[in-house]
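Here's the letter readout for the chains.
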Amino acid sequence: LATTQSWSEEWKALGLGARLPPTPNTRITNLFFVQMGFGVDQHGNRSTDGATKASVRAVRNAIEFNSIPGVIEGIPGGRNDMLISVKLGVPPDDDDDDDDDDDDTEKKPMDVDLAQVAKVFPYGRLLPIEVVVGGLKFSTGRIVNELGDVDDLAVCVAASVSIGYDDRTSSEGSTHKTYSTKDGF
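Here's what I pulled together on the structure shown here. Bear in mind the structure is a predicted one, so any value in this text is a computation, not a measurement. Residue positions are given per chain, counting from 1 as you read along its sequence in written order. Where local features are concerned, this predicted model is filtered to residues with pLDDT of at least 70; where side-chain atom pairs are given and counted, the filter is 80 or more; whole-chain, interface and lining totals use all residues. Excluded from the side-chain calculations are hydrogens and water; all other atoms, namely the structure's heavy atoms, are used.

Digging into the overall build of the protein chain
Defined as follows: Working definition: helices are DSSP H or I runs of at least four residues, strands are E runs of at least two. Numbering for both runs from the N terminus. Burial status follows relative accessibility: with a 1.4 Å probe on protein chains alone, a residue under 20% of its type maximum counts as buried, one over 50% as exposed, and anything between as partly exposed. Contacts were defined at the residue level, with two residues in contact if any of their heavy atoms lie within 4.5 Å. All accessible-area figures derive from a Shrake-Rupley calculation using a 1.4 Å probe, and residue coverage is judged against the displayed protein chains alone.
Summing up its helical and strand segments, the protein chain has five helices and six strands in all. Taken from N to C terminus, the helices and strands of the protein chain fall in the order α-β-α-α-α-β-α-β-β-β-β. Looking at the protein chain as a whole, 34% of its 185 residues are labelled buried. Taking the intrachain contacts of the protein chain between residues at least 6 apart in sequence as the baseline, contacts between residues at least 24 apart amount to 77%. A total of about 11,100 Å² of accessible surface is found on the protein chain, and carbon and sulfur atoms cover 49% of it.

Structure representation (structure tokens):
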């Protein structure tokens, strides 16, 4: 996944595509925008690629209905240098049953091809994508053999996509500031 080039051939052909941040310790200290979305995959072989399809859809859902022209002036370097932080809540991997209890705290999330998720972003600098146990698996009540279904399981992934920039010269901490309405913000 480590690259300075675009992950997507489509974006690359247009001269676009998210890249890696300038240094490995780059993080968002000035938070500009937070977007949430979810995606579902309900057909095909969800045990091998369902979490990836749902993750791509969740990230697209988080960003596709937003226009943030203020990035150009509000973030140093504009859209090309804005930092993108992605966190995915992915259902637990049922194949990871090393113990007999149903405690999800020890479970690992289903596999996600992060290179496919990275292809969604047309610009910016993509921080390492965080994948945690979350999301949902549920029965759809229908099997469509023509679409490769082997069961009626659906995989749902939740995504949080944050953008901002790293300005530790003016920030006291290494994470962004949190504002509260009780403080007048």
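Having seen it, we continue.
Regarding the pattern of salt bridges
Two side chains that carry opposite charge are able to pair once their charged atoms sit near each other. We apply this condition: Only one rule defines a salt bridge in this text: a Lys or Arg side-chain nitrogen within 4 Å of an Asp or Glu carboxyl oxygen.
Inspection of the entire model under this criterion finds five salt bridges. Salt-bridge contacts for R57 lead to D41; the nearest nitrogen and oxygen are separated by 3.4 Å. Within this pair, whereas R57 is found in helix α2 (residues 46–63), its partner D41 is found in strand β1 (residues 30–41), the two being separated by 16 residues in sequence. Note on R57: relative accessible area 41%, which makes it partly exposed. With relative accessibility at 2%, the residue D41 sits in the buried group. One salt bridge connects D94 with K137, and the closest N-O pair in it is separated by 2.9 Å. Remark: K137 occurs in strand β5 (residues 136–139) and D94 occurs in the loop between β2 (83–90) and α5 (114–118); sequence separation between them is 43 residues. On the accessibility criterion, D94 (43% relative accessible area) is partly exposed.

What about the pairing of strand β6 (residues 153–165)?
Filter applied, for reference: Only when DSSP finds a minimum of two bridges between them are two strands counted as paired.
Across the 13 residues of β6, 10 count as buried, placing the element largely inside the fold. Direction of pairing for β5 relative to β6: antiparallel, over a ladder of four bridges. Looking at the pairing, L136 lines up with C156 of β6.

Re the side chain of S162
Residue placement: S162 occurs in strand β6. Ignoring any residue separated from it by four or fewer positions in sequence, one finds S162 in contact with I28, L31, F33, V34, L83, I84 and S85.

A few points about the environment of A154
Relative to the helices and strands, A154 resides in strand β6. The exposure class of A154 is buried, given its relative accessible area of 0%. A sequence separation of 15 residues divides A154 from S139, and the C-alpha atoms of the two residues are 6.1 Å apart. Those residues in contact with A154 that sit more than four places away from it in its chain are V40, D41, Q42, R46, L136, K137, F138 and T140.

Overview of the nonpolar core
One broad rule of soluble globular proteins: the nonpolar side chains tend to lie buried together. Stated precisely, the cut-off is as follows: Only buried residues count toward a nonpolar core, which is a set of Ala, Val, Leu, Ile, Met, Phe, Trp, Tyr and Cys residues joined through side-chain atoms within 4.5 Å.
Core analysis: the biggest nonpolar cluster contains 28 residues, and V59, I84, V86, L88, F121 and L126 have the highest contact counts within it. What L88 contacts, discounting residues up to four positions off in sequence, is S55, V59, V112, V117, I129, E130, V131, V132, V157, A158 and A159.

Here's the deal with a nonpolar patch on the surface
The following threshold applies: Residues form patches when they are more than 30% accessible in relative terms and have no salt bridge. Like charges link within 9 Å. Nonpolar side chains (Val, Leu, Ile, Met, Phe, Trp, Tyr) link within 5 Å.
There is a patch of nonpolar side chains on the surface, built from L31, V34 and M36 and spanning about 260 Å² of accessible area. Along the chain, the position of V34 falls in strand β1.

Examining α2
Defined as follows: What a helix should span is 1.5 Å times the count of its residues minus one.
For α2, with 18 residues, the first-to-last C-alpha span of 24 Å sits near the 26 Å given by 1.5 Å per residue. Residues of α2 that are buried in the fold lie against β1, β2, α5 and β6.

Description of the environment of N30
The residue N30 is located in strand β1 in this model. Between the C-alpha atoms of N30 and I75, which are 45 residues apart in sequence, the distance is 8.8 Å. Setting aside anything within four residues of it in sequence, one finds N30 in contact with I163, G164, Y165, D167 and H176.

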